[in-house]
Amino acid sequence: MSSPPRRLPARGLARLLHQLASIAVALVFFVPLLWVAGFSLRQTGLPPPTTIEWLPRPLVWSNYARLFQIVPLGWYILNSLMVVALAVPATLVVASWAGFAMAQLPERARRRLSALAILLLMVPMASLWLTRYVLFTYLGLIDTIWPLIAPALMGSSPFFVLLFYWTFRRIPSELFESARLDGAGALTIWAKIAMPLARPTIVVVTVLAFSLYWSDYVSPLLYLKSESRYTLPVGLALLQQMDRTSWPLLMAGAVVITAPVVLLFLLVQRYFWPEGRQGGLSGR
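What counts, and at which threshold
- Residues numbered from 1 in each chain as written.
- Predicted model: local features only at pLDDT ≥ 70, side-chain atom pairs only at ≥ 80, totals over all residues.
- Heavy atoms only, no water.
- Buried < 20%, exposed > 50% of the residue type's maximum accessible area, 1.4 Å probe, protein only.
- Helix = DSSP H or I, 4+ residues; strand = E, 2+ residues; numbered from the N terminus.
- Arc of directions from axis to C-beta.
- Contact = heavy atoms within 4.5 Å.
- 1 Å grid on protein atoms, 1.4 Å probe; cavity = no way out; pocket = protein on both sides within 12 Å on 5 of 7 lines; lining within 4 Å.
- Points joined across faces, edges and corners; volume = space filled by probe spheres on them.
- Nonpolar A, V, L, I, M, F, W, Y, C, P; charged D, E, K, R; others polar.

Colleague: Sorry if this is basic, but what is going on with helix α9 (residues 186-194) here?
Modeller: Because each turn of an α-helix spans 3.6 residues, side chains separated by three or four positions in sequence point in the same direction. Along α9, the positions that sit buried rather than exposed are Ile189, Trp190 and Ala194. When α9 is viewed along its axis, its buried side chains cluster within an angular range of 100° and face the same direction. Exposed side chains of α9 directed beyond 90 degrees from the buried face belong to Leu187 and Lys192. Looking at the buried positions of α9, the neighbouring elements they touch are α3 (73-103), α7 (158-170) and α8 (173-181).

As structure tokens, then:
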């Protein structure tokens, strides 16, 4: 007599369902990217396909070269890289300083500042555009790179400050106290103890800040007047205005602006998993 089939353990079933759900969510984000990449290689001038065309025939790789011929895309990419190179490190330093300072305050003060940060997150960005424009005009910074990176000097977003604050609160306070007893100052403790143990948070904030400044469209449109100072999002908007019907070229531009963010995430994605976050807090 054959033995009854073995049942999958509850923990194994939960893990399988979790993996299937993760794959489904990944496909939701990956399939549109794949379609955009395929459409960017389609021949220009043809009518839109009646069905989804994942891999067009023939593959027109010259669409990407035409982007740089129609608009000075290389110059716009360099401008965006300059903004990112200045804004991301400034964001990491200022946001981590603010989060570290909050973590050292008494409980009552921490709660008040956390509530204030959450309230600031609810403020619409559109309500700040006029005030910032008037301020930068008064300072003579219009049509320069500085209005684009000015938010980084305040941590870019209260969310980044909260991320560092929650991370530093998980570090045992005995580490900080022992360093103070050894004569270490606040900056030394921040640089030698707090930041090395917050590597996963540093990676997360780096990816989010990079995406924020790399894809920022409104700020360059508001504060830049010279075409030579435009960043990549504004350059792609100019491309769309020049030819609204050439969808392969527009999709090629979308690939150019999306690829760096996707590649950066793939390089550091292990830090987004629980194992990577725990490894950072344990010093590995």
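Colleague: I'm lost on empty space enclosed by the protein in this one. Help?
Modeller: Rolling a probe over the atoms, with the probe sized like a water molecule, indicates the empty space that remains. Applying the stated rule across the entire model yields one cavity of 30 Å³ or more. Taken as a whole, the largest cavity encloses approximately 50 Å³ of empty space. Along its surface, the largest cavity is lined by Ser80, Val83, Leu148, Tyr213, Asp216, Pro220 and Thr231. Tallied by class, residues from the lining of the largest cavity come to four nonpolar, two polar and one charged.

Colleague: Any chance you could explain unusual backbone geometry here in plain terms?
Modeller: Glycine aside, residues mostly have negative phi angles, and peptide bonds mostly take the trans form. The backbone of aspartate 143 sits at a positive phi, close to 65°, despite the residue not being glycine. With relative accessibility at 15%, the residue aspartate 143 sits in the buried group. Not every positive phi belongs to a glycine, and serine 156 is a case in point at roughly 70°. In this structure, serine 156 sits in the loop between α6 (146-149) and α7.

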